[in-house]
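One-letter residues, chain by chain:
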Amino acid sequence: AERCATNADSAARFGKEVRGRIGAVFSMLSTDDTELAQTTLAALGNFTSDEFDPPPRATRDALAGQDYWLALMNWAELGDVPSKILACAVLQNSCVHHASASAAVQAGAESLLRALLSSPEEPLRVLAAAALDNLQALADEAAAAAAAEAESALQGLRAAEPSERLEALQSLALLLDGCTDADAPAAQA
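Since we're looking at a predicted model, the values are computed, not measured. (Residues numbered from 1 in each chain as written. Predicted model: local features only at pLDDT ≥ 70, side-chain atom pairs only at ≥ 80, totals over all residues. Heavy atoms only, no water.)

A. Broad picture of the overall build of the protein chain. From N to C terminus, the protein chain includes 10 helices and 0 strands. Written out in order from the N terminus, the α and β elements of the protein chain read α-α-α-α-α-α-α-α-α-α. Buried residues in the protein chain amount to 32% of all 189 residues. Sequence separation of 24 or more characterises 60% of the internal contacts of the protein chain that already satisfy a separation of 6 or more. Element-wise, carbon and sulfur atoms account for 55% of the exposed surface of the protein chain, whose accessible area totals about 11500 Å². (Helix = DSSP H or I, 4+ residues; strand = E, 2+ residues; numbered from the N terminus. Buried < 20%, exposed > 50% of the residue type's maximum accessible area, 1.4 Å probe, protein only. Contact = heavy atoms within 4.5 Å. Areas by Shrake-Rupley, 256 points an atom, 1.4 Å probe, with all protein chains shown as cover.)

B. Quick peek at the pattern of salt bridges. Using the criterion set out here, one finds 1 salt bridge in the structure. Note that Arg114 is salt-bridged to Glu110, the shortest N-O span being 3.4 Å. Taken together, the residues Arg114 and Glu110, both in helix α8 (residues 109–116) and 4 residues apart, mark about one turn of the helix. Assessed through its relative accessible area of 31%, Glu110 is described here as partly exposed. (Salt bridge = Lys/Arg side-chain N within 4 Å of Asp/Glu carboxyl O.)

C. Highlighting the side chain of His97. As for its placement among the helices and strands, His97 is situated in the loop between α6 (81–94) and α7 (98–106). In contact with His97, not counting residues within four places along its chain, are Arg57, Arg60, Asp61 and Leu138.

D. Fine view of the nonpolar core. Counting residues in each nonpolar core, the largest one holds 36 residues, and the members touching the most others are Leu29, Leu44, Trp69, Leu72, Met73, Leu91 and Leu113. Those elements giving two or more residues to this core turn out to be α2 (22–27), α3 (34–47), α5 (69–78), α6, α7, α8 and α9 (122–159). The dominant element in this core, judged by the number of residues it contributes, is α9, at 7 residues. Discounting chain neighbours no more than four positions away, the residues touching Leu29 are Ala37, Thr40, Leu41, Leu44, Ala71, Leu72 and Trp75. (Core = buried A, V, L, I, M, F, W, Y, C linked by side-chain atoms within 4.5 Å.)

Right, dumping it as structure tokens:
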């Protein structure tokens, strides 16, 4: 047990050290050297995994702000089969976290993952499906949070006085129209 604790501590220190340099690691995907890319993809897959790096959120946060998502998409789309599988594993692991999932989607991950569902390679199809499931779970979570917030607002509205209700409904109408308070015309008395 003591050896395991030592290994876990070492892994945690190593993970922390790599996260401090994640941009440099991620930038290695901008290569045409397949061996270097596969090593990088394997490392990124591990560092975004709950199994290897128990607090992978910090790594996923660090990845979200990087400019190398298109390079990752390139390996997932155009690489050889092992590179595609490794890239999809990074996507699957990253797509459980809002910030990195958003960065992946902005780089075109959703359409690429959908295309990979028809791959003849089963591991690739499985990883692509899992990544899409993760994206859907985040979308469902966001929709549930928005619905809960709307329900809470409606409960408050039901308890309000008529004049407060009118004001709240006007504010809601502005929000639904995409206006901010700064864009809204001054309220008339």
